[in-house]
Amino acid sequence: MAKQAKRRLDAIQLFSGIAEKGLAHLEQVCVWRDFAKGAEILIRKSASREVFFVVEGAVSIVNYSSNGREIAYTILEGGDYFGELAAIDKKPRSAHVVAVKPCLLASLKPDAFEEVLRTYPDIAWRVLHKLAAIIRTNDERIMDLSTLGAHQRIYMELLRLAAPDPVSQGRWMIYPLPTQSDMAAKVSTSRETVARVISQLAGDGIVQKKGRALYIENKEALGALSGRSSKED
C-alpha cells in the first residue's frame, strides 16, 4: 500500500487548478485511510457524510435488490471521488462502496467540503457537472430497465463498452472484458444469462472471444438485436 510520502491530492481531478498552498491545506485536514481489496468502505443508509477521494486503487459503487442481487453502478479509480451526495443534502448514504483493489483514500468532513465549494467556484461547477451526468445515466438505465428485456440490456451494454480495434480497421473490441458477474450486476440480470447471450452471439459470428478481449465482428447486427441502431452509440 501507498507510503506516507504519496499521501497527496494532486492526482485528484476535482482539485485541478488549486494552488499548491491550498492543496497542502486540504491534504492536512483530510483523514487518510488504507483499505484492503474487498473491504466495505460505505454502507447504504449509514449516517456518515464525509467525501472520499480515491488517491490509489479502485472502488465499486453498488446496491442490492430485495432478493440480494447486486446492482453495480460504476467503478471509480485513482483521481475520482465519491460521497458528495450525503455531504450536500445531509441524508443517509444512497449506496454501498467496496474496494475492488487495495486503496488509499482521503476524506473530508462535510463542512470542510462545503468550504471548498464556496471558496473555489470552478470546483463547485465540476461537482454540478458530475451530478448532471449521474442523472442522465440513471435516466438511461431506468428507460432500459422499463423497456428492454435482459438480452437486449446485455446487447446495449456490449455496445456501450465497445471501442474501435486499434489493429483491425472497421472492427470493434472490448478489452478487458468485464467478468460475467460484473456485467450481470450492471444490467440487472444473472451471470448465467450473460454467459448464454455471449455464447449465442459467438455462435452466430457476431462476436469472438479471445482471452480477456471480446471482438465485435458485426456491430450493425448487434445494434439490430438491441433494438437500436449501432450508429446511435
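In case you missed it, the structure is sitting above this.
Below, the structure is looked at part by part. Note that residues are indexed from 1 along each chain, following the sequence as it is written. Only residues with pLDDT of at least 70 get local features here, since the model is predicted, and only at 80 or more are side-chain atom pairs given and counted; chain-wide, interface and lining totals rely on the full set of residues. Hydrogens are left out, water is left out, and the side-chain values use all remaining heavy atoms of the structure.

**Here's the deal with the pairing of strand β8 (residues 103–108)**
For a regular strand, the rule is simple: side chains alternate between the two faces of the sheet.
Consideration 1: A simple rule labels every residue: compare its accessible area, found with a 1.4 Å probe on the protein chains alone, to the largest value its type can have, and call it buried under 20%, exposed over 50%, or partly exposed in between. Helix and strand assignments follow DSSP, with helices taken as H or I runs no shorter than four residues and strands as E runs no shorter than two, numbered in order from the N terminus. For β8, the buried fraction is high: 6 of the 6 residues fall into the buried class.
Consideration 2: Taking every second residue as pointing to the same face, both faces of β8 are buried, with C103, L105 and S107 on one and L104, A106 and L108 on the other.

**Considering helix α3 (residues 110–119)**
Consideration 1: Turning to α3, its buried residues number three or more, namely P110, A112, F113, V116 and L117. Mapping the buried residues of α3 onto a view down its axis gives an arc of 160°, with all of them on the same face. Across from the buried face of α3, at angles greater than 90 degrees, the exposed residues are D111, E115 and R118.
Consideration 2: In this analysis, two residues are considered to be in contact whenever any of their non-hydrogen atoms come within 4.5 Å of each other. The inward-facing, buried residues of α3 abut α1 (20–29), β3 (51–56), α2 (84–89), β8 and α4 (121–147). Of all possible arcs, the one meant is that of the directions from the helix axis to the C-beta atoms.

**Comments concerning the packing of aromatic side chains**
Consideration 1: Pairing of aromatic rings covers Phe, Tyr and Trp, the last counted by its six-membered ring, and requires centre-to-centre distances within 6.5 Å; plane angles under 30 degrees mean stacked, over 60 mean edge-to-face, and any other angle means tilted. Going through the model one piece at a time under the given rule, you end up with 3 aromatic pairs.
Consideration 2: Ring plane angle 45° and centroid distance 4.9 Å describe the contact between F15 and F53, whose orientation is recorded as tilted. Highlighted residues: F15 in the segment before α1 and F53 in strand β3, separated in sequence by 38 residues.
Consideration 3: Under the relative-accessibility criterion, F15 is labelled buried at 3%.
Consideration 4: By relative accessible area, F53 is classed as buried at 0%.
Consideration 5: Ring centres of F52 and F82 lie 5.2 Å apart, and the angle between their planes is 5°; this geometry places the pair in the stacked category. Here F52, found in strand β3, pairs with F82, found in strand β6 (residues 81–82); they are 30 residues apart in sequence, far enough to count as distant.
Consideration 6: Given the relative accessible area of 3%, F52 is considered buried.
Consideration 7: The structure contains a cluster of three or more aromatic residues connected by ring pairs, namely F15, F53 and Y81.

**Section: unusual backbone geometry**
Consideration 1: Look at the link from Y175 to P176: it is a cis peptide, with omega at -10°.
Consideration 2: By secondary structure assignment, the location of P176 is in the loop between β10 (172–174) and α6 (180–187).
Consideration 3: Although it is not a glycine, K90 adopts a positive phi angle of roughly 60°.
Consideration 4: Within the element layout of this structure, K90 appears in the loop between α2 and β7 (96–99).
Consideration 5: Looking at K90, the relative accessible area reads 54%, which means it is exposed.

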